[in-house]
Amino acid sequence: VSQSRYSSLPVEPSRGCVRACSFCDWPVAMVGFRSKNGIQLFNELETYYKKHAVTKFYFNDALINGSIKDFRLFNQSLVDYYEQNNLPDKFFTYSGMFIVRNSKTFKERDFELMGRAGADTMLIGVESGSDRVRENMRKGFNSEDLKFTIKQFSKNKIRAYWLLIVRYRDWE
C-alpha cells in the first residue's frame, strides 16, 4: 500500500445525539440517534486504509461514543486487527466529538481500549465548570464524571479540547 495523500479522512459513524441539551438544535434537526455497528465502522476504515493508505480519521458526527456498545466494538476491532497483523497500537488514529459519561457506564477499560485503538484528540462539550449550570443545560454529567474522564484521557494519552459556553443563561 502506498502512502496516502490524505492527511485525515472524514467519516460519519452516527447521526443525531443521545442527549437533549437545552441550547442544542440536534434533537430537532436529526430526530433521534442512530449509529453504524462497530464492526461495520471498523470495516469502513480498513477499506480506506487498503485502498488509499489512510490511517488518520476524523469522525465528523455529533458524538463518537453515543452508542457505547458500538464504540467498544469498534475499538476492540481495531486492537484485534493490530494484534492479528503485527501492527503497533494506534496504527490508525481518530478524533471526534466525545460526550462525558459516568464511570458506571464508561469504564477505565473503555478508555484504555480507546487509547490503544488510536483515539487521538476528542472535542468535549463541557460548557461550564458548574454542576448547577450543566444540570440546567441537561448535559447529563457532573464534575466527578468530568474529573474521571480527564484522568483517564491523561492516563491513556488522549488529547482533548474543552468546548465552553461563556455567560449561559436559562431563559425559562
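The structure this text deals with has already been given above.
Quick look at the structure, then.

Cut-offs and rules
Residues numbered from 1 in each chain as written. Predicted model: local features only at pLDDT ≥ 70, side-chain atom pairs only at ≥ 80, totals over all residues. Heavy atoms only, no water. Core = buried A, V, L, I, M, F, W, Y, C linked by side-chain atoms within 4.5 Å. Buried < 20%, exposed > 50% of the residue type's maximum accessible area, 1.4 Å probe, protein only. Helix = DSSP H or I, 4+ residues; strand = E, 2+ residues; numbered from the N terminus. Contact = heavy atoms within 4.5 Å. Salt bridge = Lys/Arg side-chain N within 4 Å of Asp/Glu carboxyl O. Pairing = 2+ DSSP bridges. Axes fitted to C-alpha atoms, helices over the stretch in contact; angles between N-to-C directions. Left-handed = near helix turned anticlockwise from the far one by under 90°. Nonpolar A, V, L, I, M, F, W, Y, C, P; charged D, E, K, R; others polar. Right-handed = clockwise from strand over helix to strand, strands pointing away.

**Overview of the nonpolar core**
Membership of the largest hydrophobic core comes to 35 residues, with the highest contact counts inside it found for Phe57, Phe59, Phe74, Tyr94, Phe98, Met114 and Met122. For this core, the secondary-structure elements that each account for two or more residues are strand 1 (9–11), helix 2 (38–52), strand 4 (56–59), helix 3 (68–84), strand 5 (93–98), helix 4 (108–117), strand 6 (119–127) and helix 6 (143–155). No other element matches helix 3, which puts seven residues into this core. The contacts of Phe74, once residues within four sequence positions are left out, are Gly38, Leu41, Phe42, Leu45, Phe59 and Tyr94.

**Thoughts on the pattern of salt bridges**
Opposite charge on two side chains allows them to pair when their charged atoms are near. Tallied over the full model, the rule gives 11 salt bridges. The partner of Arg116 in a salt bridge is Asp89, with the nearest N and O atoms 2.9 Å apart. Within this pair, whereas Arg116 is found in helix 4, its partner Asp89 is found in the loop between helix 3 and strand 5, the two being separated by 27 residues in sequence. With relative accessibility at 25%, the residue Arg116 sits in the partly exposed group. The class for Asp89 is partly exposed, based on a relative accessible area of 37%. The shortest N-O distance in the salt bridge between Lys155 and Glu108 comes to 3.0 Å. Taken as a pair, Lys155 in helix 6 and Glu108 in helix 4 lie far apart in primary sequence, 47 residues in all.

**Focus: the sheet that holds strand 5**
Taken in spatial order, the five strands of this open sheet run 1-4-5-6-7, and their pairing is parallel. Of all strands in the sheet, those bounded by a partner on one side alone are strand 1 and strand 7 (159–164). Going across the sheet, the axis of each strand differs from the next one's by a mean of 20°, ignoring polarity. Pairing geometry for strand 1 and strand 4, over three bridges, is parallel.

**Some words on the side chain of Asp110**
The residue Asp110 is located in helix 4 in this model. According to the relative accessible area criterion, Asp110 is buried, its value standing at 6%. Setting aside chain neighbours within four positions, we find Asp110 in contact with Arg72 and Thr105.

**Some words on helix 4**
If you check which residues of helix 4 are buried, you get Asp110, Phe111, Leu113, Met114, Gly115 and Ala117. As for helix 4, its buried residues are in contact with helix 3, strand 5, strand 6 and helix 6. Looking one or two residues beyond helix 4, the residue adopting positive phi is Gly118, at roughly 130°.

**Re the environment of Ile68**
Within the secondary structure, Ile68 sits in helix 3. Given a relative accessible area of 15%, Ile68 falls into the buried group. For the pair Ile68 and Asp110, spaced 42 residues apart in the sequence, the C-alpha separation amounts to 9.1 Å. Look past the residues within four positions of Ile68 in its chain and what remains in contact with it is Arg101, Thr105 and Phe106.

**Description of the packing of helix 4 against helix 6**
At a minimum axis distance of 9 Å, the contact between helix 4 and helix 6 shows a crossing angle of 35°. Both helix 4 and helix 6 take part in a crossing whose hand is right-handed. Contacts from Glu108, Phe111 and Met114 of helix 4 reach helix 6 at Phe148, Thr149, Gln152, Phe153 and Lys155. By residue class, the composition of the contact of helix 4 with helix 6 is four nonpolar, two polar and two charged.

**Details of the pairing of strand 4**
Burial of strand 4 is one-sided: the residues Phe57 and Phe59 facing one way are buried, the residues Lys56 and Tyr58 facing the other way are not. In the sheet, strand 4 pairs with strand 5 via four bridges, with the strands oriented parallel. By the bridge assignment for strand 5, Lys56 is matched with Thr93. Handedness of the β-α-β unit built from strand 4, helix 3 and strand 5 comes out right-handed.

Taken by themselves, the reported measurements are silent on function.
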